[in-house]
Amino acid sequence: MSDGFPEIRFQGQLRPSQAEAIAVVEQQLAAGQKRLHIVAPPGSGKTVLGLFLWAQHIRKPALVLSPNSAIQSQWAARTDLFQSSLAPHQLVSTETNSSALLTSLTYQSVTLPRQGDADLEADAIDFWVDVLIYKEQAQDPAEAQIWINDLKVHNPDYFEKRMRVYRKAVRDAAILKGNALEMLHDSSQETLENFKQLGLGLIILDECHHLMGHWGRVLADAHDYLDQPVIIGLTATPPDEKGKRPEDIDRYNDFFGPIDYEVPIPAVVKDGYLAPYQDLAYFVRPTPEELSYVANTDDQLQLIMETLCTPRITAAEAEPKSETSPDSETEERPPVERAEPMQDWLLQVLTNLDLPSGKVEDWATFERRDPALAQASRLFLQERSVALPAHVPPLSGDLIEEDIPRLNYWAPVLDRYIRHRLRRSPSQADQELAQQAIDQLRLLGLQITETGCQACASPVGRVIAYSRNKINALVPILSQEIENLQEQIRAVVIADFEKTSATSAEVEHLLDEEAGGAIAAFKELVSNPPTDWLNPVLLTGSSVLVDDDIADQLQSRAEEWLQARNIDVTLSREPFDGFDLLNGSGSQWSPRVYVEMITDLFQAGITRCLVGTRGLLGEGWDANKINVLIDLTTVTTSMTVNQLRGRSFRLDPDQPEKVANNWDVVCIAPEFTKGLDDYERFNKKHCRLFGVTDDGLIEKGVGHVHAAFTELKPEGLEESVQLLNSDMLTRSTKRAESRKLWKIGDPYQGIPLKSIEINSSSRKGSGWGFMPFQGLRSPWSAESLTKAVSRAVLESLQEAGQLSHESSLQIGARSGNYIRVFLDKASEADCELFLSAVNQVFGPLQGARYVIPRHVNQIAETWISRLLPDLLGRFFRKTETDLAMVHAVPATLARNKSLVDIFQSRWNQHVSPGEALYAYRGAGAELVEEAQRAGIVPHSKIHEKEIFL
């Protein structure tokens, strides 16, 4: 080739999403862009995409950096898809001293910090000295140095532990100042120098979300040192910015720039390159012992609230009276005024408009300065029927959400009262009360500090997150999946840790060190016959636990595996109750080796269930036969969640019809203050996950798992856990139906459409009775009624010229009696108008200008119909027309009488006979009053959603 770069031909076929990404990159490169940012899910072909861009477009020596050795090896292995006249060692290498055209390394190999040199040691000691003086643990540098030297002699382990902290602090400080390369180990500096001499033209940064820290700081400087080669950042998900330094966030965003191309998971599934899947949830309650603890903590919160709101006597009145005579010369102490009750103090604050920073002139300023207190204080007082000051506007009823946990709106009130009243009180009793309240609130995950309140780890939340019943739920889930899949089942159970280890003192009687961990899950599986059939294996960071039923077979196969790869390891076993501990001796025995070995045996079916932690079975780990994934983790960051879920999406060439079931196990106790903490975690996990719904649409968020799941809480779940779990287990059996819902082969538009989901079947009249039209004997259903009302609204808007006639009405039934409504082939404005109108018809009557009745036919047996056969008897049944519901006429169709007449005509055609009436007086006002008295006004549950076709 004229550019001196050899011909390297791709022997495969690009996927549609890869071809689209390459087209975008071509445009960016042609425009001179040298930093490219691509987001694509695990299994979507990021490796091939990167190699294709290198071989066909960049055509210069390249360096690929990955977060671990497993991913590093994958890049080298995938070059087998490319044909070249070069020898293999000339084409690709995994060595740091490489002269190959493409080198695949880990991030660590080029960012290893220096250790133990004199300058770094001295700087770390100086930093430690400054910290000791700042924290007033030493008066001057000399005293601090004596203490440090003493530690070095008498407690060397602690000394080295602290030195590691301060070395890192010194390195980070130097790197942030732009001295990143100077702080590198000699080997890393030599590696970078080697690539500079090689004339590197491309750096591919795989899983680049890891570059929000040390690696990113080093590579930003290294990019300049290497004469600014083209950068391609690849990741399955953008990084989580929580807890990161602002300068690291800015560096990452500047380095990669905006996302140039994103491949959504549904697109790859519909293209047939990822396995379809369904997300399922199994709900449990805490055990009786756990529930008792949660309830007791909740009772303590109520007691604190009552105490804070109870009038108090002065300190002097609280003291016992002296038994000395009245004329005793004993000097009486002056009474110490106690703080007024919380609601009285709040009322004074609102009356006087007093903020901690000072008094303000008007309510608007008060609300602007402290919006949280402005809302919370009114909610608090209105809940207790305390009249607000005249200048303070009350909150409207629709802002007082029953679904909001009370602690969420109590928090600002409690925080301000404790910090600005009780702590400032001269009364020792008030100060003790403040500390008592702070201690109790911490148990519920609310920490009040000197500067405000913030969420914190909650012992109650921990009890629910690691409930014993979450582990117990593995048995019914996996028993059903065994029945579904038989020998083909390959299940993975993922926990946060091997053991919970850091159990707080408050809950150590409930949570032992194994609670909620991978070891507890493994023991549960091997101790129950249905799941013991899976022959589970547990992978930990230091060893392997094997079901005793397959211990001999697995060891034999493992030894064959090691021998075939010339890995010098000797295996031995130690028996326990129901399982064996598999040990390996030899310098090559490591997690990397045994994870790969056990994964291959899992693929072969020696074990049908792997149990492990997200650290071992997360990023870079692959097993394409997984068809059941059970997530017991508490992680909620989209980066980690996507990596976990990506394990089950891989295609299995031996099972072309594979559908993966991804399970979450969620513990709830909705009646208690922190009882929905685990549900909130479940919701956060799904907030960036796409899934197929039961009506065949793609939806992002928790609603794709079930229509009753909302961002705040699962509607009605506390009354129907068993029913919901039964529904989820039944859905797990319907893999073929789920696969059809994905509509594989159809193009994925990826354009969000607004929709609403309506559940109007929970009240009298909603789906009750028969259609009130001549000759029709069909009863209304939730779907048919919603469709009729929506059609009446759509045609009215079209006839009124407010909506395009090209719009297409789409109705779909979901589980839980929810009906989805949306418009296809409509503009965003048309969708908004239509859905708002439908929402108003099914929503409350408050504020409606016109209302319209909905009648239904009631059909009753007569003495003649009972005597005759059904075919004849139906002609003698008695039909009566009843008023079932009164609905609002949509505001956009209630502006004048001609518009109202249009809506009435369509309503009469599709829904019911009836006249639209003006609601503010006369017959209309009487109809509204009658409907409200009879309870026949809409109380539908309506969710607004974004969907994708």
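Just so it is clear, the model here is predicted, and its values are computed rather than measured.

Draft legend 1. View of the overall build of the protein. For the protein, the count of helices and strands is 36 helices and 31 strands. The long-range fraction of contacts in the protein, counting pairs at least 24 apart against all pairs at least 6 apart in sequence, stands at 74%. Here the protein displays about 43,400 Å² of accessible surface, and carbon together with sulfur accounts for 49% of that area.

Draft legend 2. Seen up close, unusual backbone geometry. With phi around 50°, Glu207 is a residue other than glycine that occupies positive phi space. Secondary-structure assignment places Glu207 in the loop between β7 (202-206) and α10 (214-225). Positioned with a positive phi, Lys743 is a non-glycine residue whose angle comes to about 50°. By relative accessible area, Lys743 is classed as partly exposed at 38%.

Draft legend 3. Here's a closer look at the sheet that holds strand β21 (residues 628-631). Strand order in the open sheet formed by nine strands is β10-β22-β21-β15-β20-β16-β17-β19-β18, with mixed pairing between adjacent strands. In this open sheet, the two edge strands, each paired with only one partner strand, are β10 (277-284) and β18 (570-575). On average, each strand axis in the sheet is inclined to that of its neighbour by 20°, with strand direction left out of account. Inspection of the sheet shows β18 paired to strand β19 (residues 579-585) by six bridges, in the antiparallel sense. The residue of β19 that forms the bridge with Pro575 is Asp580. On the sheet, helix α23 (residues 518-526) packs against β15 (491-495), β16 (537-539), β17 (544-547), β19 and β20 (609-613) and is oriented at approximately 160° with respect to β20.

Draft legend 4. Fine view of the side chain of Ser427. Its place among the elements puts Ser427 in the loop between α18 (406-422) and α19 (428-443). Judged by relative accessible area, Ser427 falls into the buried class, the value being 2%.

Draft legend 5. Region of interest: the pattern of salt bridges. Throughout the structure, instances matching the rule amount to 42 salt bridges. In this structure, Arg338 and Asp430 form a salt bridge, with 2.6 Å as the shortest nitrogen-oxygen distance. Placement of the pair is Arg338 in the loop between α14 (315-318) and α15 (342-352) and Asp430 in helix α19, with a sequence separation of 92 residues. We classify Asp430 as buried; its relative accessible area is 0%. Between Glu832 and Lys754 there is a salt bridge whose closest N-O contact spans 3.8 Å. One end of the pair, Glu832, is in helix α32 (residues 828-842); the other, Lys754, is in strand β25 (residues 753-759), with 78 residues separating them in the sequence. Here Lys754 falls in the partly exposed class, since its relative accessible area comes to 29%. Several salt bridges converge on common partners, so that one network encompasses Asp694, Asp695, Glu699, Glu757, Arg814, Arg820 and Lys945.

Draft legend 6. Molecular detail of the packing of helix α25 (residues 551-564) against helix α26 (residues 591-603). Across the interface, α25 lies against α26 with an axial gap of 10 Å and an inter-helix angle of 120°. With respect to the hand of their crossing, α25 and α26 are arranged in right-handed fashion. Along the contact surface, α25 presents Leu554, Arg557, Ala558, Trp561 and Leu562, while α26 presents Val593, Glu596, Met597, Ile598, Asp600 and Leu601. Residues that form the contact of α25 with α26 fall into these classes: eight nonpolar, no polar and three charged.

Draft legend 7. Molecular detail of the nonpolar core. Ranked by size, the top nonpolar core spans 98 residues in total, and within it Phe283, Phe366, Val493, Ile630 and Phe709 carry the most contacts. Counting residues per element, this core draws most heavily on α18, which supplies nine residues. Discounting chain neighbours no more than four positions away, the residues touching Ile630 are Leu474, Ile477, Leu478, Val492, Val493, Ile494, Trp663 and Val665. Formed by 48 residues, the second largest nonpolar core is a distinct cluster that contains Val64, Leu234, Ile265 and Phe690.

Draft legend 8. Region of interest: the sheet that holds β7. One open sheet accounts for seven strands, arranged β5-β6-β3-β7-β8-β2-β9; its pairing is parallel. The outermost strands of the open sheet, each flanked by one partner alone, are β5 (92-93) and β9 (261-262). Here strand β3 (residues 62-66) pairs with strand β6 (residues 102-106) via five bridges, running parallel. Across the sheet, the residue bridging to Ala62 is Leu102, located in β6.

Draft legend 9. Summary view of the environment of Pro426. Looking at the secondary structure, you find Pro426 in the loop between α18 and α19. Placed 88 residues apart in sequence, Pro426 and Arg338 show a C-alpha to C-alpha distance of 7.8 Å.

Draft legend 10. Highlighting the packing of aromatic side chains. Here the structure, examined in full by the defined rule, presents 26 aromatic pairs. For the pair Trp128 and Phe159, a centre-to-centre distance of 5.8 Å together with 35° between the ring planes defines the contact as tilted. Of this pair, Trp128 sits in helix α6 (residues 118-134) while Phe159 sits in helix α8 (residues 156-176); the two residues are 31 residues apart in sequence, bridging distant segments of the chain. Judged by relative accessible area, Phe159 falls into the buried class, the value being 8%. Their ring planes at 20° and their centres at 4.4 Å tell us that Tyr277 and Phe649 sit as a pair that is stacked. Here the residue Tyr277 occupies a position in strand β10, and Phe649 occupies one in the loop between α27 (638-645) and β22 (660-667), the gap between them amounting to 372 residues. Exposure remark for Tyr277: the relative accessible area of 2% places this residue in the buried category. Over the face of the ring belonging to Tyr225 we find Lys196, whose NZ or CZ atom lies 4.9 Å from the ring centre.

Draft legend 11. Structural context of the packing of helix α1 (residues 16-30) against helix α2 (residues 46-58). Running from N to C, α1 and α2 cross one another at 40°; their axes reach a closest spacing of 11 Å. Of the possible angle classes, the one that applies to α1 and α2 is oblique. At the point where α1 passes α2, the crossing takes the right-handed sense. The residues of α2 that touch α1, namely those facing Gln18, Ala21, Ile22, Val25, Glu26 and Leu29, are Val48, Leu49, Phe52, Leu53, His57 and Ile58. When the residues that make up the contact of α1 with α2 are grouped by side-chain class, the tally is nine nonpolar, two polar and one charged.

Draft legend 12. Molecular detail of the pairing of strand β27 (residues 818-824). Buried residues dominate β27, accounting for six of its seven residues. Here strand β26 (residues 808-814) folds back onto β27 in antiparallel fashion, the turn holding three residues, of which Gly816 has a positive phi close to 75°.

Draft legend 13. Spotlight on α2. Among the 13 residues in α2, eleven count as buried, and that is most of the element. All of the buried residues along α2 are Lys46, Thr47, Val48, Leu49, Gly50, Leu51, Phe52, Leu53, Trp54, Ala55 and Ile58.

Reading the values: the criteria
- Residues numbered from 1 in each chain as written.
- Predicted model: local features only at pLDDT ≥ 70, side-chain atom pairs only at ≥ 80, totals over all residues.
- Heavy atoms only, no water.
- Helix = DSSP H or I, 4+ residues; strand = E, 2+ residues; numbered from the N terminus.
- Contact = heavy atoms within 4.5 Å.
- Areas by Shrake-Rupley, 256 points an atom, 1.4 Å probe, with all protein chains shown as cover.
- Buried < 20%, exposed > 50% of the residue type's maximum accessible area, 1.4 Å probe, protein only.
- Pairing = 2+ DSSP bridges.
- Axes fitted to C-alpha atoms, helices over the stretch in contact; angles between N-to-C directions.
- Salt bridge = Lys/Arg side-chain N within 4 Å of Asp/Glu carboxyl O.
- Left-handed = near helix turned anticlockwise from the far one by under 90°.
- Nonpolar A, V, L, I, M, F, W, Y, C, P; charged D, E, K, R; others polar.
- Core = buried A, V, L, I, M, F, W, Y, C linked by side-chain atoms within 4.5 Å.
- Phe/Tyr/Trp six-rings, centres within 6.5 Å; stacked < 30°, edge-to-face > 60°.
- Lys NZ or Arg CZ within 6 Å of the ring centre and 35° of its normal.
- Parallel < 35°, antiparallel > 145°, perpendicular 65-115°, else oblique.

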